[in-house]
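Spelled out from the first residue to the last, the chains are:
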Amino acid sequence: MNKRVKQQHSETVPKLHWTYVLPVCLAATFVVEVISGTYLWLHYSPSAYTAWESVWHIENQISGGQFCRNLHHFSTDLTIFLIGAWLLQLAVLSWKTAPRKVPLWVSLACVVLLLALARTGEVLPWDQKAYSGAHVVANIVGSIPILGENLKLVIMGGAEPGHFTLTRFTVLHCFLLPLLLLTATSLLFLVKSKTTVTQSIRRQLPAITIMTAVTVLCLGMYSLMNDTSLGSPADQTGTSPIARPAWYFLPLFELLRHVPVAIGAYLIPTATLILLGMLPWIGKNKLGRAFGSIFAIGVLGSACWLGLSAYAKDMQDIRYQSAKVMEKKRVERVKELICRNGIPPAGATEMAERDPLLRGPRLFAEHCSGCHNHAYIPAGLTTAKTSAPDLTQFANREWVSAILDLELFQSAAFFGNTKFKDGKMARKVLPKISDAPHEDLQAIVAALSAEAALPYQREIDRRDEKLIQHGKNLLTAEYGCTDCHQYYDITDIDEATALDLTGYGTSEWLQAFISNPKSARFYGNKNDSMPTFHQGSLTTEEIELLSAWLRREWSGASGFSSNADATKTFSQTSMIHMP
Amino acid sequence: MKSKQADEPQERRGFIGKITGGLVAILALFPFASGLPALLDPIRRKSGSAKWMSIAPFKSLPDDGLPSRFPVIANRQDAWTTYPKKKIGYVFVAKEISGEIKAYSASCPHVGCLVDFDKSTEGFRCPCHNASFAKNGVRTGPENPSPRDLDPLETKVEKGEVWVHFRKYRLGTKEREGIS
Ligand code: FES
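The rules we used
- Residues numbered from 1 in each chain as written.
- Chains lettered and ligands numbered in written order.
- Predicted model: local features only at pLDDT ≥ 70, side-chain atom pairs only at ≥ 80, totals over all residues.
- Heavy atoms only, no water.
- Disulfide = S-S within 2.5 Å.
- Helix = DSSP H or I, 4+ residues; strand = E, 2+ residues; numbered from the N terminus.
- Buried < 20%, exposed > 50% of the residue type's maximum accessible area, 1.4 Å probe, protein only.
- Domains from an automatic or database assignment.
- Contact = heavy atoms within 4.5 Å.
- Buried area = accessible area lost by both parts, 1.4 Å probe.
- Salt bridge = Lys/Arg side-chain N within 4 Å of Asp/Glu carboxyl O.
- Polar contact = N/O pair within 3.5 Å; in protein donor to acceptor, adjacent residues only side chain to side chain.
- Nonpolar A, V, L, I, M, F, W, Y, C, P; charged D, E, K, R; others polar.
- Expected span 1.5 Å × (residues − 1).

What to know about the state of the cysteines
Line of reasoning, step 1. For the structure on display, the rule yields one disulfide over all chains.
Line of reasoning, step 2. Paired by a disulfide, Cys 113 of chain B and Cys 128 of chain B hold their sulfur atoms 1.9 Å apart. Taking the torsion about the sulfur-sulfur bond, which here is approximately -80°, the covalent link between Cys 113 of chain B and Cys 128 of chain B counts as left-handed. Placement of Cys 113 of chain B in the loop between β4 (101-105) and β5 (116-118) and of Cys 128 of chain B in the loop between β6 (123-125) and β7 (132-134) is noted, with a sequence separation of 15 residues between them.
Line of reasoning, step 3. Of the residues examined, Cys 128 of chain B reaches a relative accessible area of 3% and is grouped as buried.
Line of reasoning, step 4. Among the cysteines around Cys 174 of chain A, which has no disulfide bond, Cys 68 of chain A carries the closest sulfur, lying 14 Å off.

So, the domain arrangement of chain B
Line of reasoning, step 1. On domain assignment, one finds that chain B holds domain 1 (1-45) and domain 2 (51-166).
Line of reasoning, step 2. The gap between the C-alpha centroids of domain 1 of chain B and domain 2 of chain B is 56 Å.

Notes on the interface of chain B and chain A
Line of reasoning, step 1. Taken residue by residue, the interface counts 46 residues in chain B and 54 residues in chain A.
Line of reasoning, step 2. A buried area of about 4,200 Å², summed over both sides, lies between chain B and chain A, and 53% of it is on carbon and sulfur atoms.
Line of reasoning, step 3. Glu 366 of chain A serves as the salt-bridge partner of Arg 69 of chain B, at 3.1 Å between the closest nitrogen and oxygen.
Line of reasoning, step 4. Counting the contacts that link chain B with chain A gives 18 residue pairs in polar contact (both at pLDDT 80 or more).
Line of reasoning, step 5. Those elements that place two or more of their residues in the side of chain B that touches chain A are α1 (2-44), β1 (51-57), β2 (68-78) and β3 (81-95) of chain B.
Line of reasoning, step 6. Element by element, the count of residues in the side of chain B that touches chain A is highest for β2 of chain B, at six residues.
Line of reasoning, step 7. Class assignment for the residues of the side of chain B that touches chain A results in 23 nonpolar, nine polar and 14 charged.

Details of helix α10 (residues 205-225) of chain A
An α-helical turn contains 3.6 residues, so a residue and the one three or four places further along point in the same direction.
Line of reasoning, step 1. Here α10 of chain A contains 21 residues, and its C-alpha end-to-end distance of 30 Å stays within 8% of the 30 Å for a straight helix at 1.5 Å per residue.
Line of reasoning, step 2. Regarding α10 of chain A, the residues found buried are Ala 207, Ile 208, Met 211, Thr 215, Leu 219, Gly 220 and Ser 223 of chain A.

A look at the pattern of salt bridges
Residue and element names in this part refer to chain A.
Line of reasoning, step 1. Within this structure, the stated rule accounts for 34 salt bridges over all chains.
Line of reasoning, step 2. Put simply, Glu 122 and Arg 119 hold a salt bridge, and the shortest N to O gap is 3.7 Å. With Glu 122 and Arg 119 both in helix α5 (residues 101-123), this residue pair falls three residues apart, about one helical turn.
Line of reasoning, step 3. The exposure class of Glu 122 is partly exposed, given its relative accessible area of 21%.
Line of reasoning, step 4. We classify Arg 119 as buried; its relative accessible area is 16%.

Thoughts on the domain arrangement of chain A
All names here are of chain A.
Line of reasoning, step 1. Along its sequence, chain A is organised into domain 1 (17-228) and domain 2 (333-566).
Line of reasoning, step 2. For domain 1 and domain 2, the distance between their C-alpha centroids amounts to 52 Å.
Line of reasoning, step 3. Taken residue by residue, the interface counts six residues in domain 1 and ten residues in domain 2.
Line of reasoning, step 4. Buried area between domain 1 and domain 2, both sides added, is near 580 Å², and the carbon and sulfur share of it is 67%.
Line of reasoning, step 5. In terms of surface lost to domain 2, no three residues of domain 1 exceed Trp 52, Glu 53 and Trp 56, which account for 67% of the buried area on that side.
Line of reasoning, step 6. On the surface where domain 1 and domain 2 come into contact, there are zero salt bridges.
Line of reasoning, step 7. Scanning the region where domain 1 abuts domain 2 turns up one residue pair in polar contact (both at pLDDT 80 or more).
Line of reasoning, step 8. The leading source of residues in the side of domain 1 that touches domain 2 is helix α3 (residues 51-60), at four residues.
Line of reasoning, step 9. A per-class count over the side of domain 1 that touches domain 2 returns three nonpolar, two polar and one charged.

Shown next, in the form of structure tokens:
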């Protein structure tokens, strides 16, 4: 077959000049993009609480939806790669002859329009990354002197990214920009007479067909084997630390690290485009041509270099990497929740906000990890120098026995960097406990941990009822904990000088403690540096979620929803927008 | 005479042609123009005006003099949706050792990513292009993409509550220009 084509080729038609390989592939890829995009558009719903949801639906529930999205996504990558290669080709060729005006300008217009198409498209899925991206783009537009602020408002459809950002970006992405792109490329056909174009196309049809087929096939194969990944739904309160643009914008992203916004986002790109557009004139003599191609190659080279260095920096940025790990866990959890309960009418963002496993770690990373560690939070997001106890498995038996171990108590993982390190507990109580017989210690640990009524210890708590009772007696009698700690009605709150052990670690206890550790029930004026969170940086609902997460009370895998909490929060979610 | 007669209608035709041409042009522009008010509507409802917001009880501020991040909670309007009591942004508030209250906008003045406060280095850091600021909001480091220091916000304490004058500034510029 190949041979025959080749033969025919060499006999009847002039060979397709190699310089046309890229444009033909580009056109083929673009057509794939348009078609797959149209299919996606049929199922996409632009609004702040349906955009992510509809894309999720496309990816997970519509037959062939994921494939369509892959095709659309990867063909975008390919068009941008190809147009870059095309520019490189132009640059190399203009060493000998200056590029012709109209084709060059059309190519440059295509570069700009394709990038704009990609950028607007990136926002539509409305995941965390997309939302942050919209924010940053809005602010970059807003930085233009005088007009900027109003321009930003018109493009974004409001002061903050929201419903109208999505509707406006949809119109740009699905209608206006493609229209402009088609207009620009049709200019190419105006400069040549129609007949020569059709003639040359007809003559080279076999070669064009083969190239198109190869491109489409490659794209199809690639899209079958790789999946695009939708991030977690945008929380719509600001940017996230994983805010990074797609690879083709990394050069600009990196540029903004080094030069002011006006220069990096506007001056350099515009000046480069204008200079490139002037190549037909600059290239009138040999020197000009040499300059022209060196300049163009230099532009592409430095873009690659900038992009790569942005990538390299991110690879070494432990905070960024940790944030990515968190994001991955979020995505998995969101998936699990949706598989269990479906997406509520108020949308996935609202759903995520009411889930302890989604909200808890975030709140912890934001408010607690300056002092506390937790194994769930990747190292890059916690402090290297902890100054409060590690809260992994808070209040379960291992945790309690660790805290009752003098050495561990005084280590940095617990109270080593607080004033309790040499407090009464460490000086008087713990030495006595560490000398205690093993059975006593076990009983005390079981009793204290049982106070928390952790849902995942319910079984062993029930089993060890006797041991726990024994432990309780030890607490109050032999070991004299209740001399300082309040414990049921044994110690008076006014006499107690240490925190309340009644229901130590229960939801109620934990929430009250987080709300106000300085209250007489807890540390009182002995508080070291635990902040009061009540009505401050955390709302009541957030404290509830944080406590539920620390106690591992969530629905689904690895969680233990003991009570109706999880279902309650879920049904609240679905009610929120109902009259 | 004959020639004059022939000329007149031609002239008239030219004139009429111009008028019809103009009318057609206006008619063609009409649909474009009619949509302009809707297109530009966001400019009119530039809302998000600066407001005094109650942030936290005075007592709840940590005593270490370091800033901590607080959400600003208010009703948020997004086109047709009203989100009751939503986070609409963040501020950093610090009770200095001297007892003075300082507040900063949490948006990086570069292009608006949210900055973090790192307790171990006692400084702010922006996760986007790595701008860094000292705990008093002043830029630090030799290469800093931020064109200016963190934007300070006015504060007051009333009835035991810390209030912050929550407002937005144009980002990416040297001068601090309020946009709300
Ligand atoms: S947005 Fe903060 S450094 Fe760029």
